[in-house]
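Structural description and commentary
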Amino acid sequence: MYRLALAFCQFFCVATSAAWAETAHVAVAANFRPAMETLEVAFERESGHDLQVSYGATGQFFAQIQHGAPYAVFLAADAERPHLLAEMQTNRIEARTYAIGQLALWSPHTEALAADALRGSGLRFVAVANAELAPYGAAAEAVIAALELEEALAGKLVRGSNVAQAFVFVQTGNAELGFVALSQILSLPEGKRGAYWLPPPELYPTIRQDAVLLDHGHGNEAAVAFFQFLFSDQARSIIENAGYELP
Amino acid sequence: MSAPDFAALILTLKLALTATAILLLVGTPLAWWLARTRARLKPVAEAIVALPLVLPPTVLGFYLLILLNPQSAIGSFWLSVTGETLTFSFSGLVLASVLYSLPFMVQPLQSAFETIARKPMELAASLGASPWDAFVSVAVPASARGFVTAIVLTFAHTLGEFGIVLMVGGNIPDRTRVISIAVYENVERLDYAQAHSLSLVLLALSFSVLLFVYIFNRRFPVHVG
């Protein structure tokens, strides 16, 4: 009898807690993955809600959400697309900046690195993200222009469609140097980070990464709670540790 | 069509022609061997040839990035001989295309060769023809349809290549920026007009190439045996 009561109680408890906990689908820009993985664990432990996270390119998520993809929250790699999406939602909520990306010039195989590395005569390839498609690419081209290296580097720039691909070009040794996100470098184990140089922020347009709560997230407690959590002190320190500046 | 897009089109045609020519030279003996051999390793060889059909191009591209980088055996050898890296270069794209389109050359040729009976080949040999002579004057004409199908499919398939080029090419204008990449770029930056004009060219080109194959195959049915 005692056992039966216990089982009944267990069933009841699980059933009620399941009714409390909700699931939210979140679309996240690929560059934010390392930070998001930590945020997800912290949020799920704290709230009991469940997040289903998809990582991908901001441009593709934008097109998918426009065509009705059921994401509740969107963490983009830029500020423009969340802003456009916010205007399209029936329940309008302003998009908010959750992180500011930091550009880094990176070489995994050297001890120290400075802007001068870009002037080396033996330099074959410098990987960047495509400036027309990715904010980190636009930032990289701005730095190159500010250093007046456009001519010297013409024909040496190899373009990945996003900053993740630029990172792979460098990591696999196909390009000696690359403009990547600081967060990508910090996601590597310490012995494999090589050397990096952070261009002064005034040399490139600020890489604002905005988040937006979408119509699918309204009335979804998990989504609303996560959107709040994203701007909490706890989340902010996780984001900062992952290699971003805070808004 | 804008000048960079036109350059991408020319580069794509050059790439497809080069890759098809190389594959014809490499694929013909391979297909002949596969069609004739009774080796126990045959299924293994066939599976390897078919791999690019199944593997996502990104997987192939990723492995090529690792295999061909300047520190690797192949990459450093190529660099010391030609002074040029394999990745992010036209030669690298040709190599990638050859691997990627291999089944499109080998499989139609192999099935064409398999339908040639042993009799005519043996007859040619008994009349004093060398194996090469027998191959050229008996096997090749009998497999004309197979050759046309293989060549055209290889060419058309290389035209549309995207995933590998994106990984191995690095999108350098005039060197590795092919038409599929240009279309992707236009779509991503929401320039649909440019994307349309390029896509239409590719669509028309692919359609006429395929139409040619099917007309050819109907006009010149080859009876073997």
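It should be emphasised that the depicted structure is a prediction, and the values quoted were computed from it without experimental measurement.

1. Quick notes on the confidence of the model for chain B
The pLDDT averaged across chain B works out to 87; a share of 97% of its residues lies at or above 70. What the predictor reports for the complex is a pTM of 0.77 with an ipTM of 0.70.

2. A short note on the side chain of Ser72 of chain B
All names here are of chain B. Mapped onto the elements, Ser72 comes out in the loop between helix H3 (57–68) and helix H4 (73–82). Given a relative accessible area of 13%, Ser72 falls into the buried group. In terms of polar contacts, Ser72 uses its side chain to reach the backbone carbonyl oxygen of Leu67, at 2.5 Å.

3. Some details on the pattern of salt bridges
Residues and elements named next belong to chain B. Evaluated as defined, the whole model comprises 7 salt bridges over all chains. Residue Asp5 is joined to Arg177 by a salt bridge in which the shortest nitrogen-to-oxygen separation is 3.6 Å. Of this pair, Asp5 sits in helix H1 (residues 3–36) while Arg177 sits in the loop between helix H9 (163–169) and helix H10 (179–188), placing them 172 residues apart in sequence. Taking relative accessible area as the criterion, Asp5 reaches 2% and is therefore assigned buried. For the salt bridge of Arg177 with Glu185, the shortest nitrogen-to-oxygen distance reads 3.1 Å.

4. Some words on the interface of chain A and chain B
With 20 residues of chain A at the contact, the number on the chain B side is 22 residues. In this assembly, chain A and chain B are joined by 0 salt bridges. On inspection of chain A and its partner chain B, the count reaches 6 residue pairs in polar contact (both at pLDDT 80 or more). Secondary structure elements with two or more residues in the side of chain A that touches chain B: helix H3 (58–66), strand S7 (157–160) and helix H7 (163–171) of chain A.

5. Some words on the environment of Leu153 of chain B
Mapped onto the secondary structure, Leu153 of chain B falls in helix H8 (residues 144–159). In the structure, Leu153 of chain B is positioned 48 residues away from Met105 of chain B in sequence and 7.3 Å away in space, judged by C-alpha atoms.

6. Quick notes on the nonpolar core
All names here are of chain A. Ranked by internal contacts, the top residues of the largest apolar core, which has 73 residues, are Phe32, Leu75, Phe179 and Phe226. The residues that make up this core include at least three from each of domain 1 (2–100 + 208–241) and domain 2 (103–197). Residues in contact with Phe226, not counting those within four places in the same chain, are Val26, Met36, Phe43, Leu51, Val73 and Leu75.

7. Thoughts on the domain arrangement of chain A
By a widespread convention, an interface's size corresponds to the accessible area lost as its parts come together. Residue and element names in this part refer to chain A. Under the domain assignment, chain A is made up of domain 1 (2–100 + 208–241) and domain 2 (103–197). A separation of 31 Å is found between the C-alpha centroids of domain 1 and domain 2. Between domain 1 and domain 2, the contact holds 7 residues from the first and 7 residues from the second. Between domain 1 and domain 2 lies a buried interface of about 490 Å² when both sides are counted; carbon and sulfur atoms form 60% of it.

8. Thoughts on the sheet that holds strand S9 (residues 195–197) of chain A
Two pairing modes exist for strands in a sheet, parallel and antiparallel, and in both the strands are linked by backbone hydrogen bonds. Residues and elements named next belong to chain A. Ordered in space as S7-S6-S8-S5-S9, the 5 strands form an open sheet in which the pairing is mixed. The sheet terminates laterally at S7 and S9, the two strands that pair on one side only. Averaged over neighbouring strand pairs, the angle between their axes works out to 35 degrees when direction is ignored. Sitting on the sheet, helix H5 (residues 135–146) is in contact with strand S5 (103–107), strand S6 (126–129), S7, strand S8 (177–181) and S9, with an inclination near 130 degrees to S8.

The rules we used
- The written sequence of each chain sets the order in which its residues are numbered from 1.
- Key to labels: chains lettered from A, ligands numbered from 1, both in the order written.
- Only residues with pLDDT of at least 70 are given local features in this predicted model, and only at 80 or more are side-chain atom pairs given and counted; all residues enter the totals for whole chains, interfaces and linings.
- To get the side-chain values, take all heavy atoms of the structure and skip hydrogens and water.
- Confidence scores labelled pLDDT are given residue by residue by the predictor and lie between 0 and 100.
- Under the DSSP-based scheme used, a helix requires at least four consecutive residues in state H or I and a strand at least two consecutive residues in state E, with every element numbered from the N terminus.
- Relative accessibility under 20% of the residue-type maximum defines a buried residue, over 50% an exposed one, and the middle range a partly exposed one, all with a 1.4 Å probe and only protein chains included.
- Residues adjacent in sequence count toward polar contacts only when both atoms are side-chain atoms; beyond that, a polar contact is any pair of N or O atoms within 3.5 Å, and within protein one must be able to donate a hydrogen and the other to accept it.
- We count a salt bridge whenever a side-chain nitrogen from Lys or Arg sits within 4 Å of a carboxyl oxygen from Asp or Glu.
- Throughout, a residue-residue contact means that at least one pair of heavy atoms, one from each residue, lies within 4.5 Å.
- Nonpolar core, defined: a set of buried Ala, Val, Leu, Ile, Met, Phe, Trp, Tyr and Cys residues in which side-chain atoms within 4.5 Å join the residues together.
- Domain segmentation is taken from an automatic or database assignment of domains.
- By buried area we mean the combined loss of accessible area, with a 1.4 Å probe, across both parts when two parts are placed together.
- Strands pair, by our definition, only if DSSP identifies at least two bridges between them.
- Note on geometry: axes are C-alpha line fits, over the in-contact stretch for helices, and angles between N-to-C directions span 0 to 180 degrees.

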